[in-house]
Amino acid sequence: MNLDKLKTMKKLLINTLLLFFAVFNGNAQGILDVIDPTFSGALLRNSVLNKKDLTKTEGSKYFVEEFRLAEVSGISQKIMVRYNALTDIIEVQNDKKELFSLTKKDPFNTITIIPFTDKIKLLNYKTKEGEANGYLVELFNQNEVALYRRDRISLQKEKEAINSYTVATPARYVKTNDEYFLSLKNENAIVMPKNKKELQDLFPIKKEEIAIYFKDNKFSLKDKKSIIEIAKFISKF
């Protein structure tokens with residue numbers, strides 16, 4: 001085989017490989033565009049979401065079953081979302097009804113439901129168990145005082161009948177009690193105090209002002225409206 005022929009074959013091989021990679025990259029780009037049109041890495045394939053749930057479980061994993069239009073920080077176009085309160089995942093549905101999960105990292109940390117302007121935020125927060133990172137619903141945010149609610153659903157396992165005097169109960173999804181979190185000066189959110197004294201201790205300098213507020217207003221740390229009002233009051237300090 002002469003040198004010229006060898007060079008020609010080498011050149012042909014290189015061109016073939018270049019063509020192959022161009023086609024491959026084009027196809028890969030097409031697949032990525034379907035998953036995530038912005039090519040931002042915002043969405044993840046989740047095979048579990050696309051499988052039909054065959055288990056017989058009562059109740060729902062969602063506070064709102066339907067997908068709703070939303071604006072998500074870091075994504076240019078609006079997308080259809082719903083919050084899975086069992087797994088703490090934002091599920092995303094495309095035009096083909098395929099499901100994906102929203103990446104739990106910046107900058108995709110603020111989900112605004114349209115047209116209600118309800119906001120779900122991905123935050124670091126502190127619980128009794130320790131540090132956590134997850135989605136909280138924003139109820140109030142002004143003057144570096146933010147109030148959030150954690151929406152959770154737990155799975156209650158099925159119980160078999162022990163004897164003829166007991167009744168078997170199926171597995172079911174159960175809504176947990178509302179939990180509220182307070183963030184001051186953009187710091188990690190903490191659990192909202194459970195009583196008036198704990199709340200006053202959180203603001204020792206304003207203890208007397210808070211005491212007067214409690215005296216002049218009907219207040220309950222178990223009532224959403226009351227908790228929002230005290231957050232508004234604190235934001236004026």
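Residues numbered from 1 in each chain as written. Predicted model: local features only at pLDDT ≥ 70, side-chain atom pairs only at ≥ 80, totals over all residues. Heavy atoms only, no water.

### As for the overall build of the protein
So, point 1. In terms of regular secondary structure, the protein is built from four helices and 13 strands.
So, point 2. Taking all 237 residues of the protein together, 34% fall into the buried category.
So, point 3. Nonlocal contacts in the protein, meaning residues at least 24 apart in sequence, comprise 51% of its contacts between residues at least 6 apart.
So, point 4. Carbon and sulfur atoms provide 55% of the accessible area of the protein, an area that totals close to 16,100 Å². (Helix = DSSP H or I, 4+ residues; strand = E, 2+ residues; numbered from the N terminus. Buried < 20%, exposed > 50% of the residue type's maximum accessible area, 1.4 Å probe, protein only. Contact = heavy atoms within 4.5 Å. Areas by Shrake-Rupley, 256 points an atom, 1.4 Å probe, with all protein chains shown as cover.)

### Side note on the sheet that holds strand β2 (residues 68-72)
So, point 1. What the eleven strands build is an open sheet, ordered β1-β5-β4-β3-β2-β6-β7-β8-β9-β12-β13; its pairing is antiparallel. Among the strands making up the open sheet, the edge pair consists of β1 (43-45) and β13 (190-191).
So, point 2. Summarising the sheet, strand β6 (residues 110-113) and strand β7 (residues 118-127) pair through four bridges and their orientation is antiparallel. Counted as the bridge partner of Ile-113 is Asp-118 from β7.
So, point 3. The strands touched by helix α4 (residues 224-234) within the sheet are β8 (130-142), β9 (145-150) and β12 (179-184), with β9 carrying the most contacts at an inclination of about 160 degrees. (Pairing = 2+ DSSP bridges. Axes fitted to C-alpha atoms, helices over the stretch in contact; angles between N-to-C directions.)

### Details of α4
So, point 1. Those residues of α4 lying buried are Ser-226, Ile-227, Ile-228, Ile-230, Ala-231, Phe-233 and Ile-234.
So, point 2. For α4, the elements touching its buried residues are β8, β9, β12, α2 (196-202) and α3 (207-216).

### Examining the packing of α3 against α4
So, point 1. At a minimum axis distance of 12 Å, the contact between α3 and α4 shows a crossing angle of 145 degrees. In terms of crossing hand, the pair formed by α3 and α4 is right-handed. The segment α3 lies against α4, with Glu-209, Ile-210, Tyr-213 and Phe-214 engaging Glu-229, Ile-230 and Phe-233.
So, point 2. By residue class, the composition of the contact of α3 with α4 is five nonpolar, no polar and two charged. (Left-handed = near helix turned anticlockwise from the far one by under 90°. Nonpolar A, V, L, I, M, F, W, Y, C, P; charged D, E, K, R; others polar.)

### A short note on the packing of aromatic side chains
So, point 1. According to the stated counting rule, one finds seven aromatic pairs in the structure shown.
So, point 2. Judged by centre distance (5.7 Å) and plane angle (80 degrees), the rings of Phe-203 and Phe-237 are edge-to-face. Placement of the pair is Phe-203 in the loop between α2 and α3 and Phe-237 in the segment after α4, with a sequence separation of 34 residues.
So, point 3. Residue classification places Phe-203 among the buried positions, given a relative accessible area of 12%. (Phe/Tyr/Trp six-rings, centres within 6.5 Å; stacked < 30°, edge-to-face > 60°.)

### Some words on the nonpolar core
So, point 1. Counting 21 residues, the largest nonpolar core has Val-72, Ile-75, Val-81, Ile-90, Leu-102, Ile-111 and Tyr-135 as its most contacted members.
So, point 2. Elements with a minimum of two residues in this core: β2, β3 (79-84), β4 (89-93), β5 (99-102), β6 and β7.
So, point 3. The leading source of residues in this core is β3, at three residues.
So, point 4. The contacts of Ile-111, once residues within four sequence positions are left out, are Ala-70, Glu-71, Val-72, Val-81, Ile-90, Leu-102, Asp-118, Lys-119, Ile-120 and Tyr-135.
So, point 5. Within the second largest apolar cluster, 19 residues are counted, among which are Leu-147, Phe-203, Ala-231 and Ile-234. (Core = buried A, V, L, I, M, F, W, Y, C linked by side-chain atoms within 4.5 Å.)

### Observations regarding unusual backbone geometry
Most peptide bonds adopt trans geometry, and most residues besides glycine take a negative phi value.
So, point 1. Cis peptide bonds are those with omega within 30 degrees of zero, and the linkage from Asp-106 to Pro-107 qualifies with 5 degrees.
So, point 2. Position of Pro-107 relative to the elements: it lies in the loop between β5 and β6.
So, point 3. That bond from Ile-114 to Pro-115 is cis: its omega, 5 degrees, falls within 30 degrees of zero.
So, point 4. Topologically, Pro-115 is positioned in the loop between β6 and β7.
So, point 5. One non-glycine residue, Asp-88, lies in positive phi territory at about 60 degrees.
So, point 6. Summarising the element assignment, Asp-88 is placed in the loop between β3 and β4.
So, point 7. Of note, Asn-186 is a non-glycine position whose phi angle comes to about 65 degrees, a positive value.
So, point 8. Turning to its location among the elements, Asn-186 is positioned in the loop between β12 and β13.

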